[in-house]
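Residue-level structure breakdown
As a plain string of letters, each chain reads:
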Amino acid sequence: MALEHYYSKTPAAANDRRTFEAKLRGHSLKFITDAGVFAKSGVDYGSRVLIEALELPDNARVLDVGCGYGPIGITAARLAPAGKATLIDINERAVELARENAKMNGIGNIEIIQSDLFEAVQGRQFDVLITNPPIRAGKAVVHQIFEEGAALLKPGGTMWVVIQKKQGAPSAREKLEAVLGDVVEVTKDKGYRIFKATKSI
């Protein structure tokens, strides 16, 4: 049997639900997590660095790719109250948790969809794409997220990515430059790099 990962569609791990509270962008948010999802014991450091760096227009239409149980996308929805956050993940358990967490935190401007990469959002356009990519899925998958995600961005739209230097930040930056053009390193913290790539108009 193949080793199960958090990017499996249907996790087989026995349920181990837990609830924790996290302060993100000055707001206390509650999250339910479970076995078989990414960072089940608490919001991971890379996601926190990305969340703190994010700059979103109030009316942004945001896509969170690989949303897990929702900390990045839920925070994005709060940062864009006149916009809407769409969260996608292949992991059915993560998607259900993200829906519960959005409801528990009173987030209404949000939709959460089970999707194999961008399958469920083809043909749509977004102002901002955010991702903490599944590094363990391999470089090809990460680069596929950049390529296919770029096609869903409006001209002038931005893609925000967190990636560790030792997990391929230099090659990720090169790929972002190739598919989108302008790339800025917004911040770095404990080996994590936050890239903001802007789609050429």
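Everything below is about the structure shown above.
All figures in this text were calculated on a predicted structure; none of them were measured in a lab. (Residues numbered from 1 in each chain as written. Predicted model: local features only at pLDDT ≥ 70, side-chain atom pairs only at ≥ 80, totals over all residues. Heavy atoms only, no water.)

1. Some remarks on the environment of R99
Selection rule: Counting from the N terminus, the helices are DSSP H or I runs at least four residues long and the strands are E runs at least two residues long. Relative accessibility thresholds used throughout: buried, under 20% of the residue-type maximum; exposed, over 50%; partly exposed, between the two (1.4 Å probe, protein chains only). Contact definition: two residues touch when any of their heavy atoms are within 4.5 Å. Side-chain atoms alone can form a polar contact between residues adjacent in sequence; in general such a contact is a pair of N or O atoms within 3.5 Å, and within protein one must be able to donate a hydrogen while the other accepts it.
Mapped onto the elements of the fold, R99 is located in helix 3 (residues 92-104). The exposure class of R99 is partly exposed, given its relative accessible area of 39%. Put simply, R99 and Y69 are 30 residues apart on the chain and 8.0 Å apart in space, counted from C-alpha to C-alpha. Discounting chain neighbours no more than four positions away, the residues touching R99 are I112, I113 and Q114. In terms of polar contacts, R99 uses its side chain to reach the side chain of E96, at 2.8 Å.

2. Observations concerning helix 3
Spelled out, the test is: By this rule, a helix spans an expected 1.5 Å times one less than how many residues it contains.
Helix length check: helix 3, at 13 residues, gives a terminal C-alpha distance of 18 Å against a target of 18 Å (1.5 Å per residue), a fit within 8%. With a side-chain oxygen lying 3.0 Å from the backbone nitrogen of R93, the N-terminal cap of helix 3 falls on N91. Of the residues flanking the end of helix 3, it is G106, one or two places downstream, whose phi is positive at about 70 degrees.

3. Regarding the side chain of N132
Tracing the backbone through its elements, the reader meets N132 in the loop between strand 6 (126-131) and helix 4 (139-152). Of note is the side chain of N132, whose polar atom sits 3.2 Å from the side chain of D44. Engagement of the side chain of N132 in a polar contact is seen with the side chain of S47, the distance being 2.9 Å. Setting aside its immediate chain neighbours within four residues, N132 contacts F38, D44, G46, S47, V65, I72 and V162.

4. What to know about the nonpolar core
The condition that has to hold: Definition of nonpolar core: a set of buried residues of the types Ala, Val, Leu, Ile, Met, Phe, Trp, Tyr and Cys, connected through side-chain atoms within 4.5 Å.
Within the largest apolar cluster, 40 residues are counted, with the highest numbers of intra-cluster contacts made by F31, L50, V62, Y69, I110 and I130. The residues contacting F31, other than those within four sequence positions of it, are R18, T19, F20, A22, L24, V43, Y69, G70, P71, I74, N101 and M104.

5. A short note on the packing of helix 4 against helix 5 (residues 169-180)
Keep this limit in mind: Angles here are taken between N-to-C directions and fall from 0 to 180 degrees, while the axes themselves are lines fitted to C-alpha atoms, restricted in helices to the stretch in contact. In this scheme, roughly parallel covers angles under 35 degrees and roughly antiparallel covers those over 145, while 65 to 115 is roughly perpendicular and the rest are oblique. Throughout, a crossing is termed right-handed when the near helix is turned clockwise from the far one, and left-handed when it is turned anticlockwise from it by less than a right angle.
Their axes nearest at 9 Å, the elements helix 4 and helix 5 cross at an angle of 25 degrees. Judged by the inter-axis angle, helix 4 sits roughly parallel to helix 5. The interaxial crossing formed by helix 4 with helix 5 has right-handed handedness. On helix 5, the residues that touch K139, H143, F146, E147 and A150 of helix 4 are S171, A172, K175, L176, V179 and L180.

6. What about the environment of D189?
For D189, the location among the structural elements is in strand 8 (residues 181-189). Once the C-alpha coordinates of D189 and A82 are considered, the two residues, 107 residues apart in sequence, prove to be 30 Å apart. Beyond its immediate stretch of four places on either side in the chain, D189 contacts Y45 and V49. Within the structure, D189 has its side chain in polar contact with the side chain of Y45 (distance 2.9 Å).

7. Some thoughts on the side chain of D64
Rules: Charge assignment: positive for Lys and Arg, negative for Asp and Glu; neither His nor the chain ends contribute. In what follows, salt bridge is the name for a side-chain nitrogen of Lys or Arg lying within 4 Å of a carboxyl oxygen of Asp or Glu.
Relative to the elements of secondary structure, D64 occurs in strand 3 (residues 61-65). Although D64 is buried, it forms no salt bridge, and the closest oppositely charged side chain is R99 at an N-O distance of 13 Å. Here the side chain of D64 touches G73 through a polar contact of 3.0 Å, landing on its backbone nitrogen. With near-sequence residues (within four places) excluded, D64 lies in contact with I72, G73, T86, L87, I88 and I130.

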